[in-house]
Amino acid sequence: MLDMLPIIKFESVDKFYGNFQALKDITISVNPGERMVICGPSGSGKSTLIRCINGLESHNSGRLTVDGVEVFEGSKEIIRLRQEIGMVFQQFNLFPHLTVLENLTIGPVKVRKIPKSEAEIMARKYLERVHIPEQAEKYPAELSGGQQQRVAIARSLCMESKILLFDEPTSALDPEMINEVLDVMVELADTGMTMVCVTHEMGFARKVADTMVFMDEGKIIEVAPPEKFFSKPDSDRCREFLEQILEH
Amino acid sequence: MKFSDSISLQGLPVRRPPPLNRFFSSTPVSIIIYCFIVSAILYSSFTGAQSMGYNWQWYQIPKYIYTYTEDGFQFGELMLGLWKTITLSFTAFILAMVIGLLVALLRLSGLLIGTKVAICFLEFVRNVPLLVLVYLFYYVLGPVFKYDRYTASILCLAVYHSALISEILRAGINAVAQGQWEAAKSIGMSKPQMYRYIILPQSIRFMLPPMTGEVVHMVKSSAIVSVIAVAELTTLGQNIISDTYMAFEIWFTIAIIYMIVILILSIGASQVEKRYTVTN
């Protein structure tokens, strides 16, 4: 099937921080429209993996292709490629000196060169989509954590990218705000967007994931569809991990 | 036993300072001591001047500040010098900002050669006395590149202060959270776009307070270009003295003029600092 060529493809990718190997021989691919959830203990390399996809981290060996373009350190293509990849961070990383609306439009206007009026219409549409159209004129500091993260999601949607990356989007949130963000993410998943998500929210993972990935010590230990992953994972390490986080 | 008036945070009575300390730190006594010291200094310099046979001519001074004749109001020489000092400092400051920004960006570029060039420049400028730099710019580079003394003074001050300014800029840029770079990158911005729309607007609040201090510093150090006879406040003062021998009056006046200008700037600077102090 031609249209099922993977949109993200890792082939034996290694990543070192000095002597520490953060990623060990990673080979995995994501198909267009696939929703992949990556979990694993902290320090297992899952954030590094996801940050390699848009070149925030560069890998040391192996091949990484995203949307048909090879990603490597110093690549000229990476800037164009990043427009196709939205990213949502644990710490939101909204631009504090810009209003919510400006946060959303600065990418489309300055990078994609879309007229400002058009970008604003689009921004308001996506704010509607994340259920905070009334906050457009406020500054990020005036919003709650959950609202800020939804603005961050809207910001990456405004780039109309093909792929959305989530790097622990709910880990910095107060418990009562986690659901409002997860709800938005579930709605997004329903639109058929390609999503790669690092999270410990297993309820969310069960609901949306096509593929579950478990990582430990820089290696991919288990790749399975959620039904199998949660009921009878192959590796003991993965079972232990699931038991620990599902206990509560 | 008599309890003292104040109680410390721990709930223990605070021991009152000994009476002698209390006597010396009371307001009226402090004022008297202050007046005594100031008048002692004034008196000794006055009598010192007197014993030198110095002829005080304060009445001569106002005409160097302004004159009022039938032609109307006119600024005196010292005011013209002050104006030159201000325009000189201002021009040099603008140029210093431009050079400073370039050096800071070179240093942050991540290119090995850029970083090295920037560091060489900084080390050179910081480790050469300003006076030597003035001579270098006027007597060496001036004839080579064929520019006059005014240009030499602007270039010299700009280069000297650009080193300090580039450090202020660099600190301000580094103070912006790493996540801001990542977010800007992830929406596909190029490096110039990141600086222009995301990083520099945020670093301004970190830079403004030290930068206003730098303006004050610039006005003060501009006096040094009098050694190459640029017609600013200090040079004009020297010229008047060589004509009239009123060294004491003119130097006092010049010191006071500088003090007034710099006090005004400092007050402005501290206002800016109050407004932009980073609270979070």
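Please refer to the structure placed before this passage.
Residues numbered from 1 in each chain as written. Chains lettered and ligands numbered in written order. Predicted model: local features only at pLDDT ≥ 70, side-chain atom pairs only at ≥ 80, totals over all residues. Heavy atoms only, no water.

**With respect to the pattern of salt bridges**
Going through the model one piece at a time under the given rule, you end up with 19 salt bridges over all chains. For Arg 80 of chain A, the salt bridge identified is with Glu 77 of chain A, shortest N-O distance 3.8 Å. Of this pair, Arg 80 of chain A and Glu 77 of chain A both sit in helix α2 (residues 77–82), separated by three residues, roughly a single helical turn. Relative accessible area serves as the criterion here: at 37%, Arg 80 of chain A is assigned to the partly exposed category. Under the relative-accessibility criterion, Glu 77 of chain A is labelled partly exposed at 39%. Among the ionic contacts, a cluster of salt bridges with common partners joins Arg 107, Glu 123, Arg 126, Glu 167 and Arg 170 of chain B. (Salt bridge = Lys/Arg side-chain N within 4 Å of Asp/Glu carboxyl O. Helix = DSSP H or I, 4+ residues; strand = E, 2+ residues; numbered from the N terminus. Buried < 20%, exposed > 50% of the residue type's maximum accessible area, 1.4 Å probe, protein only.)

**Some details on the sheet that holds strand β5 (residues 69–70) of chain A**
Residues and elements named next belong to chain A. Spatially, β2-β1-β4-β5 is the arrangement adopted by the four strands of the open sheet, whose pairing is antiparallel. In this open sheet, the two strands that pair with only one neighbour each are β2 (20–30) and β5. Pairing geometry for strand β1 (residues 8–17) and strand β4 (residues 61–66), over five bridges, is antiparallel. Opposite Asp 14, over in β4, you have Ser 61 as the bridge partner. (Pairing = 2+ DSSP bridges.)

**Quick notes on the packing of helix α5 (residues 145–158) of chain A against helix α6 (residues 175–189) of chain A**
Residue and element names in this part refer to chain A. For the pair α5 and α6, interaxial distance at closest approach is 8 Å and the crossing angle is 20°. When the axes of α5 and α6 are compared, the pair comes out roughly parallel. When the axes of α5 and α6 are compared, the crossing they make is right-handed. Note on element contacts: α6 touches α5 through Met 177, Glu 180, Val 181, Val 184, Met 185 and Leu 188, opposite Gly 145, Gly 146, Gln 147, Gln 149, Arg 150, Ile 153 and Leu 157. Counted by class, the contact of α5 with α6 contains seven nonpolar, four polar and two charged residues. (Axes fitted to C-alpha atoms, helices over the stretch in contact; angles between N-to-C directions. Parallel < 35°, antiparallel > 145°, perpendicular 65-115°, else oblique. Left-handed = near helix turned anticlockwise from the far one by under 90°. Contact = heavy atoms within 4.5 Å. Nonpolar A, V, L, I, M, F, W, Y, C, P; charged D, E, K, R; others polar.)

**Overview of the nonpolar core**
Inside soluble globular proteins, nonpolar side chains tend to come together where they are buried. Core analysis: the largest hydrophobic core is formed by 79 residues, its most contacted members being Ile 8, Phe 10, Ile 53 and Val 66 of chain A together with Met 189 of chain B. In terms of residue count, helix α7 (residues 149–174) of chain B provides more of this core than any other element does, eleven residues in total. Counting 49 residues, the second largest nonpolar core, distinct from the first, contains Cys 158, Phe 204, Ala 209 and Phe 214 of chain A. (Core = buried A, V, L, I, M, F, W, Y, C linked by side-chain atoms within 4.5 Å.)

**Remarks on the interface of chain A and chain B**
On the side of chain B, 16 residues touch chain A, which itself brings 21 residues to the contact. When chain A packs against chain B, close to 1600 Å² is buried across both sides, 63% of that on carbon and sulfur atoms. Among the residues chain A hides against chain B, the three largest losses belong to Arg 82, Phe 95 and His 97 of chain A. Together they make up 29% of the total. The tally of links from chain A across to chain B stands at one salt bridge. The salt bridge partner of Arg 51 of chain A is Glu 182 of chain B, with a shortest N-O separation of 2.7 Å. If you look at where chain A meets chain B, you find five residue pairs in polar contact (both at pLDDT 80 or more). Within the residue set of the side of chain A that touches chain B, elements represented by two or more residues are α2, β6 (85–88) and α3 (100–111) of chain A. The greatest single-element share of the side of chain A that touches chain B, amounting to four residues, is contributed by α3 of chain A. Considered class by class, the residues forming the side of chain A that touches chain B number eleven nonpolar, five polar and five charged. (Buried area = accessible area lost by both parts, 1.4 Å probe. Polar contact = N/O pair within 3.5 Å; in protein donor to acceptor, adjacent residues only side chain to side chain.)

**A few points about α3 of chain A**
Since one α-helical turn is 3.6 residues long, residues separated by three or four positions face the same way. For α3 of chain A, with twelve residues, the first-to-last C-alpha span of 17 Å sits near the 16 Å given by 1.5 Å per residue. The element α3 of chain A is largely enclosed, with a buried count of ten among its twelve residues. Buried positions along α3 of chain A lie against α4 (116–129) and α5 of chain A together with α9 (191–221) of chain B. Remark: Lys 113 of chain A follows α3 of chain A within two positions and exhibits a positive phi of approximately 60°. (Expected span 1.5 Å × (residues − 1).)

**A look at unusual backbone geometry**
All names here are of chain A. One non-glycine residue, Ser 12, adopts positive backbone phi at about 45°. A positive phi angle, near 45°, is found at Glu 168, a position not held by glycine. In this fold, Glu 168 is placed in the loop between β7 (163–167) and α6. Owing to a relative accessible area of 12%, Glu 168 belongs among the buried residues under this scheme.

**A closer look at the sheet that holds strand β8 (residues 194–198) of chain A**
Residue and element names in this part refer to chain A. Spatial strand order, β6-β7-β8-β3-β9-β10: six strands in an open sheet with mixed pairing. Only two strands of the sheet have a single neighbouring strand rather than two, namely β6 and β10 (219–224). The average undirected angle you get between the axes of adjacent strands in this sheet is 15°. As judged from the five bridges shared by strand β9 (residues 211–216) and β10, these two strands associate in the antiparallel manner. Along β10, the bridge assignment pairs Met 212 with Ala 224. Contacting β3 (35–39), β6, β7, β8 and β9, helix α1 (residues 46–53) crosses the sheet at an angle of about 150° to β7.

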